[in-house]
Number of protein chains: 2
Amino acid sequence: MEKLKKYVSVKDEDQFYHQGAVELLVFNFLLILTILTIWLFKNHRFRFLHETGGAMLYGLVMGLIIRYATKAPDVDSGTVYECEKLKSGPSTLLINITNQVYEYQYKREVSHHNVNGHHGNAMLQKMTFDPSIFFNILLPPIIFHAGYSLKKRHFFRNLGSILTYAFLGTAISCIVIGLIMYGFVKAMLHIGQLKGWEFHFTDCLFFGSLMSATDPVTVLAIFHELHVDTDLYTLLFGESVLNDAVAIVLTYSISIYSPKENPNAFDAAAFFQSVGNFLGIFAGSFAMGSSYAVVTALISFMHLTKFTKLCEFPMLETGLFFLLSWSAFLSAEAAGLTGIVAVLFCGVTQAHYTYNNLSPDSKMRTKQLFEFMNFLAENVIFCYMGLALFTFQNHIFNPLFIFGAFVAVFVARACNIYPLSFLLNLGRKQKIPRNFQHMMMFSGLRGAIAFALAIRDTESQPKQMMFTTALLIVFFTVWVFGGGTTPMLTWLQIRVGIDPDEDLKAEAINQTASDLDKNTTKAESAWLFRMWYGFDHKYLKPILTHAGPPLTTTLPQWCNPVARLLTSPSAYGDQLKDDGTDYIINNDELTENYESSAHIPGPAQDRTGFTQATGKENIHEGDLGLGGYELQLEHTAGQPHMNSLA
Amino acid sequence: MEKLKKYVSVKDEDQFYHQGAVELLVFNFLLILTILTIWLFKNHRFRFLHETGGAMLYGLVMGLIIRYATKAPDVDSGTVYECEKLKSGPSTLLINITNQVYEYQYKREVSHHNVNGHHGNAMLQKMTFDPSIFFNILLPPIIFHAGYSLKKRHFFRNLGSILTYAFLGTAISCIVIGLIMYGFVKAMLHIGQLKGWEFHFTDCLFFGSLMSATDPVTVLAIFHELHVDTDLYTLLFGESVLNDAVAIVLTYSISIYSPKENPNAFDAAAFFQSVGNFLGIFAGSFAMGSSYAVVTALISFMHLTKFTKLCEFPMLETGLFFLLSWSAFLSAEAAGLTGIVAVLFCGVTQAHYTYNNLSPDSKMRTKQLFEFMNFLAENVIFCYMGLALFTFQNHIFNPLFIFGAFVAVFVARACNIYPLSFLLNLGRKQKIPRNFQHMMMFSGLRGAIAFALAIRDTESQPKQMMFTTALLIVFFTVWVFGGGTTPMLTWLQIRVGIDPDEDLKAEAINQTASDLDKNTTKAESAWLFRMWYGFDHKYLKPILTHAGPPLTTTLPQWCNPVARLLTSPSAYGDQLKDDGTDYIINNDELTENYESSAHIPGPAQDRTGFTQATGKENIHEGDLGLGGYELQLEHTAGQPHMNSLA
């Protein structure tokens, strides 16, 4: 056998494929185990450990096995070779070893202190996969799904509060964690730890920003299962989703914050540059994501002569929808913006416009596709987090830093929720009650985003210590707080078992009824939101979707030729078909509740005070919904009722 | 900026992420373009260029742009560095360059003649992605989908012929191509080409085996669109799907065929070892794939006390189904078998058993999911094939070899189809007519599998020449033969516009009617198949699915306790619910025809002579279907009718 070297080479290569297969198989096995466990838990209605917690636990055990039961590292590993001829690291290196040329691909820079014996264990190495896989493959579907399944009506009603929590709250959280950690780091330096490390205030702020990303997965899944109060749900959902986007951009802005002189001193120019970066990146990503969605909406809406509409071909439609949404992410990344933010707003915009243009088949398909991808990606990430505790090779466990981080995270959460809620309650007609505030405080889990941000850079020792600490905080919060959600809800006497559609229907009827004197309802919403809603309804929806009134009726008389050009012929017949928003809300049930069997969505029967529907339709709906409304009123009588900041 | 090195390092890393994003974006862009083109083509009913051909064309143009419009290669590329200290290539290499350690990962062995200036262009390099991605990510969904959407009834009716074409035909094709190419190589050596190359007969056979894999994508898509005669469709579909599996295992077996002494001389021991390898790998992969499917069926069928069935949670069900099917592939790969073969038979078995146990929601989900994945993977592969012509850096164009390969491929196809059809017609009651044979001859396109097998090993010069040649043959056959399918069908007067359900229904009624005297129908099928069918229906289906008669009625009396244990309680009520097979056939429409909008499948009304259904049900079905049967008879009167080899 040894005679024929070329056959051996083929076999070697096959060996490599098989290794890739083994690695994937381990993940598959973990996921299968997780699914079977979820099934078991669902059967026994266990809620003390959520599926994400379970996935993490399995990952942990598997990591332990891989760490201690796989073969010893290669002999050559951990040895650093000198190469004087090279000036910098090329992306590909050709090396002549015993008269055979091998190609090596650049992977990363390694700090001298990281060069240790573990490097060579091929299995361990394969298992600690590239953070870019997280950012490019696993996170986008989760975030897109979050945006796509946003309960828009509730979201916009609470928009002011959500934005306050997400932007101001995250900033507060970041600064508070940064300050506390800086104190701890100073103390550690004082007692002689961290010798010779570079650990600046910006590093503490970096840690603060990445630890400020709360997890939208675990708590919300439980909330959804229990049908917790819709307003609380929306507040938490909106906060955690937007807050992820904010934290990502914040982390990036801080990482490129580079004061000219002393890294510890405050450099106003660099600070404002960072703020500028933050705003620029956020706005740019937002624009990128929305514009891709608008392009998708336009393509799916297109009605050229002699052309069959795209919705006649559901597969092409779904494919285009999927690819354009992913492209929003990739384009943002390629342009140096933040893909996650882009894909979030792309999802929101797709749900608002494109969804209306899709064929019924594509509506189902896209929903189910993203739901499924979300489900898989979520479980992979949580499995991987469990794995990382044992497979990551450069952990630095520092008890003081870890203790400090735990303190900082909770103090920061408190500084975020309570003062902001107090301020918001000054402006809100429907206050955020105390028990909601406590629940929001309790629900500040850290999850995938914090982990992904931490693993993105683990080169220097401070960053490694941060990664280790972040991982432990994720474990603790997901297991303890995630598991404690149900008891906490009971203890805080927060109402559960609410059907958001019913809730909404009641609202809608309320609005429809008061539509007769048009001012009372409108006054409750923020004027900015109202203006936007009017503009959207009158101009954007008719241009981008089949929904809404035809442009010919909303535009001034002199615009008629343009309006006629832009209006879909079908829109004339479909004047009353403004069921876009409601459709999504109705569909949320379908999307998130994967234990119920499918029900095909019909157009919802609720309508806001802003629609231009004819009186006949209004009356019809009033008739339909009134009974439900009264029923609902009784149900919610004892509860305070919320509305967004005016 | 240069002062703070660590910030620069973060930026560098970000640069790397962005490059990954750009690369993916290029593919997304190509796919979007392809989808829009398909849409355009579908509108204008263009058939001269199939979507796969279109995808390839766009890939080609994009490859041209990347090749000639991107920046020049890195300075360091193409330089080989010496390293005396190393004995062999470790999987990870740490290199100290100007006091900074860089980590490099082993990619591959490079032959000395391949070390050229192109190596360093990062964009080109990223675009020529790892063949393992093909085998582990892109091919499995395509092959699984093929198995999952197999028209089982038609397939089994023609099983004998299909197996003959797939096994014997592929072997003939491989040997004929090998012999012809060996002749050409001898001639080339004679006129002084290929100096200093090692080019043995086994290499020619290797080329023969990889070129024997016909493409199941392009022609069948067109056939399906045109609703070509079902028997021709089934013959071609079955042949090309199974033939891929055979060609893959054959290629692998030949690549590990290592005669002891002279590589050109025939070594009986090594030959039989290769044959043994082939059979072992094929059987092992088959067993692996089927057993995963059986496990899935068992899990989805499980009915423990106090346990909700898995089908109450469609998302978990879909997830499990997906993961177990993928695991079949990965396990086979990890065990040194052929994943593609495993996943094919896994798909067939899943469709046969598991599908019956899925909830209606999961049925739709899995169908649509695999359909979508198939659609994307297919287009990615064809785009990538186009790209490869310009981005692959070690093409060897040898006109004589290419000419020889074209001749060999067509001669081999002829030696496969015509003699085997002649032999088969001796045994078949319903002959394979001449025009079908010509069409099968014409439909021998080479596609993704041939390409993937060729790209898997491109180290030596002969292999590079083979890859280049294979690529050109793929281009030619997909564009010319793919585009010529419709004219060819017209020219050969093959009937189109046939509804396979109708066709089948007619068959079924025919069988149901003759069920009264039970022997006539059965005689038409092969006895082996009949035995298997009976066994499957009586024992396997009741154990693995809700369909079929309860075990208590099919097992002998003394087995009753065991039977009662194994039978689902619902099976007693569902005695008549043996609609599994038919379900799949009915659903095929839904699956493959992605231009039609969704229709929810109802249980089909046809039934074979083998079912144990009660007379009442039979009569009911006869009533339903008889009109259609007569209609169908008129329609098919002028056509010869086929049945499988007895």
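Cut-offs used in this document
Residues numbered from 1 in each chain as written. Chains lettered and ligands numbered in written order. Predicted model: local features only at pLDDT ≥ 70, side-chain atom pairs only at ≥ 80, totals over all residues. Heavy atoms only, no water. UniProt positions renumbered as here; feature names shortened; annotations may be inferred. Helix = DSSP H or I, 4+ residues; strand = E, 2+ residues; numbered from the N terminus. Contact = heavy atoms within 4.5 Å. Areas by Shrake-Rupley, 256 points an atom, 1.4 Å probe, with all protein chains shown as cover. Buried < 20%, exposed > 50% of the residue type's maximum accessible area, 1.4 Å probe, protein only. Salt bridge = Lys/Arg side-chain N within 4 Å of Asp/Glu carboxyl O. Phe/Tyr/Trp six-rings, centres within 6.5 Å; stacked < 30°, edge-to-face > 60°. Axes fitted to C-alpha atoms, helices over the stretch in contact; angles between N-to-C directions. Parallel < 35°, antiparallel > 145°, perpendicular 65-115°, else oblique. Left-handed = near helix turned anticlockwise from the far one by under 90°. Expected span 1.5 Å × (residues − 1). Bend = angle between axes of the 7 residues up to and from the residue. Polar contact = N/O pair within 3.5 Å; in protein donor to acceptor, adjacent residues only side chain to side chain. Patch = residues over 30% accessible without salt bridge, like charges linked within 9 Å, V, L, I, M, F, W, Y side chains within 5 Å. pLDDT = per-residue confidence, 0-100.

- As recorded in an unreviewed UniProt entry, chain A goes by the name Sodium/hydrogen exchanger, listed as coming from Stercorarius parasiticus.
- Here is the UniProt Sequence similarities (unreviewed entry) comment for chain A, exactly as written: "Belongs to the monovalent cation:proton antiporter 1 (CPA1) transporter (TC 2.A.36) family."

Some details on the overall build of chain A
Then, number 1: Helices and strands together make up the secondary structure of chain A, namely 26 helices and 3 strands.
Then, number 2: Once local pairs closer than 6 in sequence are excluded, the contacts in chain A between residues at least 24 apart make up 82%.
Then, number 3: As displayed, chain A offers around 24400 Å² of accessible surface, 65% of which is attributable to carbon and sulfur atoms.

Some remarks on unusual backbone geometry
Residue and element names in this part refer to chain A.
Then, number 1: In the Ramachandran plot, Gln493 falls in the positive-phi region, its phi being about 55° despite a non-glycine side chain.
Then, number 2: Tracing the sequence through the fold places Gln493 in the loop between α18 (485-491) and α19 (500-514).
Then, number 3: Gln493 gets classed as exposed once you look at its relative accessible area, which sits at 66%.

Description of the pattern of salt bridges
Opposite charge on two side chains makes pairing possible when the charged atoms of those side chains draw close.
Then, number 1: The final tally for this structure, using the stated rule, is 8 salt bridges over all chains.
Then, number 2: Its salt-bridge partner being Glu371 of chain B, residue Arg365 of chain A comes within 3.5 Å of it at the nearest N-O pair. Here Arg365 of chain A is found in helix α13 (residues 360-391), whereas its partner Glu371 of chain B is found in helix α13 (residues 360-391) on a different chain. Judged on exposure class, the residue Arg365 of chain A and its partner Glu371 of chain B are both buried.
Then, number 3: Here Arg365 of chain B makes a salt bridge to Asp361 of chain B, at a shortest N to O gap of 3.4 Å. Note that Arg365 of chain B and Asp361 of chain B are positioned in helix α13 at a spacing of 4 residues, about one turn of the helix.
Then, number 4: For Arg365 of chain B, a relative accessible area of 7% translates into the label buried.
Then, number 5: Under the relative-accessibility criterion, Asp361 of chain B is labelled buried at 6%.
Then, number 6: Connected via shared salt-bridge partners are Asp361 and Arg365 of chain A together with Glu371 of chain B.

With respect to the environment of Ser285 of chain B
Then, number 1: Mapped onto the fold, Ser285 of chain B is located in helix α10 (residues 268-301).
Then, number 2: Between the alpha carbons of Ser285 of chain B and Leu189 of chain B there is a distance of 39 Å; along the sequence they are 96 residues apart.

Considering the side chain of Asn374 of chain A
All names here are of chain A.
Then, number 1: Secondary-structure assignment places Asn374 in helix α13.
Then, number 2: Residue class for Asn374 comes out buried when judged on its relative accessible area of 11%.
Then, number 3: Ignoring sequence-local partners within four residues, the contact set of Asn374 consists of Pro141, Ile142 and His145.

Considerations on the packing of aromatic side chains
All names here are of chain B.
Then, number 1: Inspection of the entire model under this criterion finds 58 aromatic pairs over all chains.
Then, number 2: Their ring planes at 25° and their centres at 5.5 Å tell us that Phe144 and Tyr148 sit as a pair that is stacked. On the criterion of helical spacing, the pair formed by Phe144 and Tyr148 is a turn pair, its members being 4 residues apart in helix α4 (residues 131-148).
Then, number 3: Look at Phe144 and you get buried, because its relative accessible area is 2%.
Then, number 4: Since its relative accessible area comes to 1%, Tyr148 is described here as buried.
Then, number 5: Here the aromatic rings of Phe406 and Phe410 are separated by 6.3 Å at their centres, their planes lie at 45°, and the arrangement is tilted.

Description of the packing of helix α10 (residues 268-301) of chain A against helix α11 (residues 314-334) of chain A
Residue and element names in this part refer to chain A.
Then, number 1: In contact at an axis separation of 9 Å, α10 and α11 are set at 160° when each is read in the N-to-C sense. Between α10 and α11, the interaxial angle falls into the category roughly antiparallel. When you trace α10 past α11, the crossing you get is right-handed. Contact residues: Met288, Gly289, Tyr292, Thr296 and Ile299 in α10; Leu320, Phe321, Leu324, Ser327, Ala328, Ser331 and Ala332 in α11.

With respect to helix α11 (residues 314-334) of chain B
Then, number 1: For α11 of chain B, with 21 residues, the first-to-last C-alpha span of 29 Å sits near the 30 Å given by 1.5 Å per residue.
Then, number 2: α11 of chain B sits mainly inside the fold: 19 of its 21 residues count as buried.

With respect to the packing of helix α2 (residues 51-69) of chain B against helix α17 (residues 461-483) of chain B
All names here are of chain B.
Then, number 1: Two elements in contact, α2 and α17, have axes whose closest approach is 9 Å; the angle formed by their N-to-C orientations is 135°. Between α2 and α17, the angle is such that the two are oblique. As α2 packs across α17, the resulting crossing turns out to be left-handed. Mapping the contact onto sequence places Thr52, Gly53, Met56, Leu57 and Leu60 in α2 and Val474, Phe475, Val478 and Trp479 in α17.

Some details on helix α12 (residues 339-357) of chain B
Residues and elements named next belong to chain B.
Then, number 1: Compared with the 27 Å implied by 1.5 Å per residue over 19 residues, the 25 Å span of α12 between its first and last C-alpha is a close match.
Then, number 2: In the structure, α12 departs most strongly from a straight axis at Ala351, where the bend amounts to approximately 45°.
Then, number 3: Most of α12 sits out of view: 19 of its 19 residues are buried.

Things to note about the environment of Leu324 of chain A
Residue and element names in this part refer to chain A.
Then, number 1: In this fold, Leu324 is placed in helix α11.
Then, number 2: Residue class for Leu324 comes out buried when judged on its relative accessible area of 5%.
Then, number 3: Separated by 22 residues in the primary sequence, Leu324 and Cys346 place their C-alpha atoms 9.3 Å from one another.

Thoughts on the side chain of Thr468 of chain A
Then, number 1: For Thr468 of chain A, the location among the structural elements is in helix α17 (residues 461-483).
Then, number 2: Within the structure, Thr468 of chain A has its side chain in polar contact with the side chain of His395 of chain A (distance 3.0 Å).

A look at the environment of Tyr68 of chain A
Then, number 1: In this fold, Tyr68 of chain A is placed in helix α2 (residues 51-69).
Then, number 2: Between the alpha carbons of Tyr68 of chain A and Ala414 of chain A there is a distance of 40 Å; along the sequence they are 346 residues apart.

Re a nonpolar patch on the surface
Then, number 1: Together, Phe271, Phe272, Val275 and Leu279 of chain A give the surface a local cluster of nonpolar side chains, amounting to about 380 Å² of exposed area.
Then, number 2: Relative to the elements of secondary structure, Val275 of chain A occurs in helix α10.

With respect to the confidence of the model for chain A
Residue and element names in this part refer to chain A.
Then, number 1: Of the residues in chain A, 65% reach a pLDDT of 70 or more, and the chain-wide mean stands at 73.
Then, number 2: No element of chain A has a lower mean pLDDT than helix α26 (residues 615-636), which averages 35, and none a higher one than helix α14 (residues 399-427), which averages 91.
Then, number 3: Low pLDDT (under 50) marks residues 1-16, which in the prediction has 23 contacts with non-local residues, meaning those over four places away or in another chain.
Then, number 4: Note that residues 513-525 has pLDDT below 50 and, in this model, 12 contacts with residues that lie over four places away or in other chains.

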